[in-house]
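Now for the letters of each chain:
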Amino acid sequence: MLHLLGVNLPDQKVVSVALTYFYGIGPQTARKICSQLSFHQECKLSELTESQLNQLSGVLSEMSIENDLRRKVSANVKHLREIGTYVGKRHAMGLPVHGQRTRNNTKTAKKLNGHLLRKYSTCSKTTAFGIFQAPVSKHY
């Protein structure tokens, strides 16, 4: 196992597949990194030299991956909730954000967006969106 920037990568995997073990790097980005560093498509991590590993870690350190990216995503969601946008409200309620239907299939969205409800809990004086509620006046 190769330990690179806080992530354990298996030696027997192809480099483009092993790079997808990083949070924020998908197959397409992994292929771009491999072509940028001129690794052939079937090159395995165990076949890389020390200088190639240093080049790889240099490229990866310039990117925002792992905890940096997670912090950015949660900050963006928090910002959307604070300014009261529609998307922020949907995140706050744990509902689908990208226009999916809610009549039947919201289980996945509630699992994914619902973890933010536990992370940013609000006190009893605020609404679910984190905004103070104005007192309701009764006009007769």
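Residues numbered from 1 in each chain as written. Predicted model: local features only at pLDDT ≥ 70, side-chain atom pairs only at ≥ 80, totals over all residues. Heavy atoms only, no water.

> What am I meant to see in the packing of aromatic side chains here?
To describe a pair of aromatic rings, you give the distance between the ring centres and the angle between the ring planes. In the structure shown here, the tally under the stated rule is zero aromatic pairs. The ring of Tyr 23 has Arg 70 lying over it, and the distance from NZ or CZ to the ring centre is 4.2 Å. (Phe/Tyr/Trp six-rings, centres within 6.5 Å; stacked < 30°, edge-to-face > 60°. Lys NZ or Arg CZ within 6 Å of the ring centre and 35° of its normal.)

> So what exactly am I meant to see when it comes to unusual backbone geometry here?
Glycine aside, a negative phi is what most residues show, and trans is what most peptide bonds show. The phi dihedral of Ser 38 is positive, around 55°, even though this residue is not glycine. With respect to the helices, strands and loops of the structure, Ser 38 is situated in the loop between helix H2 (27–36) and helix H3 (50–62). When its relative accessible area of 61% is taken as the criterion, Ser 38 is described as exposed. For Glu 66, which is not glycine, the phi dihedral falls at a positive 55°. Relative to the elements of secondary structure, Glu 66 occurs in the loop between H3 and helix H4 (67–83). Residue Glu 66 is classed as buried on the basis of its relative accessible area of 18%. (Helix = DSSP H or I, 4+ residues; strand = E, 2+ residues; numbered from the N terminus. Buried < 20%, exposed > 50% of the residue type's maximum accessible area, 1.4 Å probe, protein only.)

> Any chance you could explain the pattern of salt bridges here in plain terms?
Opposite charge on two side chains allows them to pair when their charged atoms are near. By the definition in use, this model includes two salt bridges. Ionic pairing is found between Arg 70 and Glu 66, a salt bridge with its closest N-O pair at 3.7 Å. A residue is classified by how much of its surface remains accessible, and Arg 70, at 41% relative accessible area, is partly exposed. Residue Arg 71 pairs with Asp 68 through a salt bridge whose shortest N-O separation is 3.3 Å. (Salt bridge = Lys/Arg side-chain N within 4 Å of Asp/Glu carboxyl O.)

Honestly, that's just the spatial picture; any functional story needs more than this.
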